[in-house]
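What the coordinates show
So the chains spell out like this:
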Amino acid sequence: MTLPQLVRYLHLPETQIKKLVSRGDIPSRRIDGELVFSRNDVNRWLEQKIGVSDNSELKEVEKALDKSSPDGSTDEDITIAGLIPEGAVAIPLQARTRDSAIREMIKLASSTGLLWDAEIMFEAVRAREELHSTALDNGIALLHSRQPLPNILGDTFISLGILPSGIAFGGNFGGITDILFLICSIDDRIHLRILTRLSRLLKLDGFIEGLREQETEKGIRKWIQQNEQRLAGGS
């Protein structure tokens with residue numbers, strides 16, 4: 001992307017983007033003296049920003065992503081509950097290692113009929129974990145591939161698994177993980193919108209604790225819906 005394209009993509013002033021570039025926050029290079037940006041690098045930077053932002057900052061990121069449709073149209077609001085198909089929740093998810101948990105999550109996703117090649121997805125998700133773990137210090141892992149995989153997905157969706165006991169999943173904090181989200185997306189922008197919405201949910205007081213208390217898929221969906229309503233209400 002050129003600088004003007006990045007301004008439109010991020011909905012940030014050019015001066016602010018140049019400041020981020022000068023600090024080395026957004027990777028860039030020059031071609032014939034002009035700043036250019038890799039969309040993949042920009043999206044990885046956004047992923048990192050989403051991970052460390054507070055709720056007010058995440059709201060601003062979400063607004064910017066909602067406005068960044070390539071054709072200038074306004075997207076419908078996404079909801080996490082609405083992106084979890086019937087049958088895409090496992091309580092409990094039986095796994096004892098990181099790789100077995102990833103495989104079980106992908107098996108769960110395949111059961112929806114929306115994931116057509118489980119092995120490609122497994123290798124893509126495992127490669128992402130090897131690059132940098134998606135495990136967070138709150139016991140959650142947000143599994144996803146480095147890039148969208150539209151060729152093996154019928155649509156964008158999320159699956160969710162809750163382990164009966166935590167496992168060592170990686171990450172710098174050295175903790176354990178017991179709740180796994182698998183994000184299967186067909187384009188970068190919706191993937192980032194999902195990450196932003198999930199991050200906002202995870203920061204709500206009591207959300208994670210309440211998630212652990214659910215015993216059924218119906219309960220999970222209702223709990224997520226209630227908390228997304230809290231977000232909509234300005235919590």
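Below or above, wherever it landed, is the structure these notes cover. (Residues numbered from 1 in each chain as written. Predicted model: local features only at pLDDT ≥ 70, side-chain atom pairs only at ≥ 80, totals over all residues. Heavy atoms only, no water.)

1. Structural notes on the overall build of the protein chain
Rule in force here: By the criteria applied, helices consist of DSSP H or I runs no shorter than four residues and strands consist of E runs no shorter than two, each listed in order from the N terminus. The globule rule used here is 2.2 Å times the number of residues to the 0.38 power, and the radius of gyration it is set against is calculated over C-alpha atoms. Under the scheme applied here, a residue whose accessible area is under 20% of the maximum for its type counts as buried, over 50% as exposed, and between as partly exposed, the area being computed with a 1.4 Å probe on protein chains only. Contacts are residue-level and defined by heavy atoms, with any inter-residue pair within 4.5 Å sufficient. For every accessible area listed, the method is Shrake-Rupley and the probe measures 1.4 Å; residues are considered covered only by the protein chains on display. Residues scored as positive are Lys and Arg, those scored as negative are Asp and Glu, and His as well as the terminal groups of each chain are ignored. We put the charge of a Lys on NZ, of an Arg on CZ, of an Asp on CG and of a Glu on CD.
Looking only at helices and strands, the protein chain has nine helices and six strands in total. In terms of overall dimensions, the protein chain is globule-like: its C-alpha atoms have a radius of gyration of 18 Å, near the 18 Å expected for 235 residues. A buried classification covers 48% of the 235 residues belonging to the protein chain. Put simply, 69% of the contacts in the protein chain that link residues at least 6 apart link residues at least 24 apart. When the accessible area of the protein chain is evaluated, it comes to approximately 11800 Å², of which 48% is carbon and sulfur surface. Between the averaged position of the 29 positive side-chain charges in the protein chain and that of its 34 negative side-chain charges there is a distance of 3 Å.

2. Some details on the side chain of H144
Spelled out, the test is: As used in this structure description, the phrase polar contact means that two N or O atoms lie within 3.5 Å; if the pair is within protein, one of them must be able to donate a hydrogen and the other to accept it, and residues adjacent in sequence are counted only when both atoms belong to side chains.
On the secondary structure map, H144 appears in the loop between β4 (140-143) and β5 (157-168). Using a relative accessible area of 3% as the deciding quantity, one classes H144 as buried. Side-chain polar atoms of H144 contact the side chain of R128, separated by 3.4 Å. Among residues more than four places away in sequence, those in contact with H144 are E47, V125, R128, T134, I183 and H191.

3. Description of the sheet that holds strand β6 (residues 176-184)
Inclusion rule: Pairing between strands is defined by DSSP: at least two bridges between the two strands are required. All axes are obtained by fitting lines to C-alpha atoms, using only the stretch in contact for helices, and the reported angles, taken between N-to-C directions, cover 0 to 180 degrees.
One open sheet accounts for four strands, arranged β3-β5-β6-β4; its pairing is mixed. The sheet terminates laterally at β3 (89-90) and β4, the two strands that pair on one side only. One ladder, built from two bridges, connects β3 with β5; its direction is parallel. When the sheet's bridge partners are listed, V89 is paired in β5 with L160. Lying on the sheet, helix α5 (residues 98-110) is in contact with β3, β4, β5 and β6; it crosses β5 at an angle near 150°.

4. Comments concerning the pairing of β5
Across eight bridges, the pairing between β5 and β6 is antiparallel. Bridge pairing in β6 places S159 opposite L182.

5. Let's talk about the pairing of β4
Covered by surrounding structure in β4 are I140 and L142 together with A141 and L143, the residues of both alternating faces. Examined bridge by bridge, β4 and β6 share four bridges and lie parallel to one another. Among the inter-strand pairings, I140 is bridged to a residue of β6, identified as I179.

6. Some points on the environment of D99
By the secondary structure assignment, D99 is in helix α5. For the pair D99 and R126, spaced 27 residues apart in sequence, the C-alpha to C-alpha distance is 7.3 Å. Setting aside anything within four residues of it in sequence, one finds D99 in contact with F122 and R126. A polar side-chain atom of D99 sits 3.1 Å from a polar atom in the side chain of R98. Looking at D99, its side chain comes within polar contact range of the side chain of R126, at 3.5 Å.

7. Observations regarding unusual backbone geometry
In most cases, non-glycine residues show a negative phi, while peptide bonds are predominantly trans. In this structure, the amide linkage connecting I91 to the following residue, P92, adopts the cis form with an omega of 0°. Positionally, P92 belongs in the loop between β3 and α5. Unlike most non-glycine residues, D32 shows phi in positive territory, near 55°. Counting through the fold element by element, D32 comes out in the loop between β1 (29-31) and β2 (34-36).

8. What about helix α7 (residues 188-202)?
The line we're drawing: Expected span of a helix: the number of residues minus one, times 1.5 Å.
Taking 1.5 Å of rise per residue, 15 residues should cover 21 Å, and α7 covers 21 Å from first to last C-alpha, within 8% of that figure. Burial analysis of α7 places 15 of its 15 residues in the buried class, which makes it a mostly covered element.

9. Considerations on the packing of helix α1 (residues 3-10) against helix α2 (residues 14-22)
Rules: Orientation labels follow simple angle bins: below 35 degrees gives roughly parallel, above 145 gives roughly antiparallel, 65 to 115 gives roughly perpendicular, and whatever is left gives oblique. Residues are grouped as follows: nonpolar covers Ala, Val, Leu, Ile, Met, Phe, Trp, Tyr, Cys and Pro; charged covers Asp, Glu, Lys and Arg; every other residue, Gly included, is treated as polar.
Two elements in contact, α1 and α2, have axes separated by 10 Å at closest approach and are oriented at 105°. Of the possible angle classes, the one that applies to α1 and α2 is roughly perpendicular. Listed contacts from α2 to L3, L6, V7 and L10 of α1 are E14, I17 and K18. In the contact of α1 with α2, the residues fall into five nonpolar, no polar and two charged.

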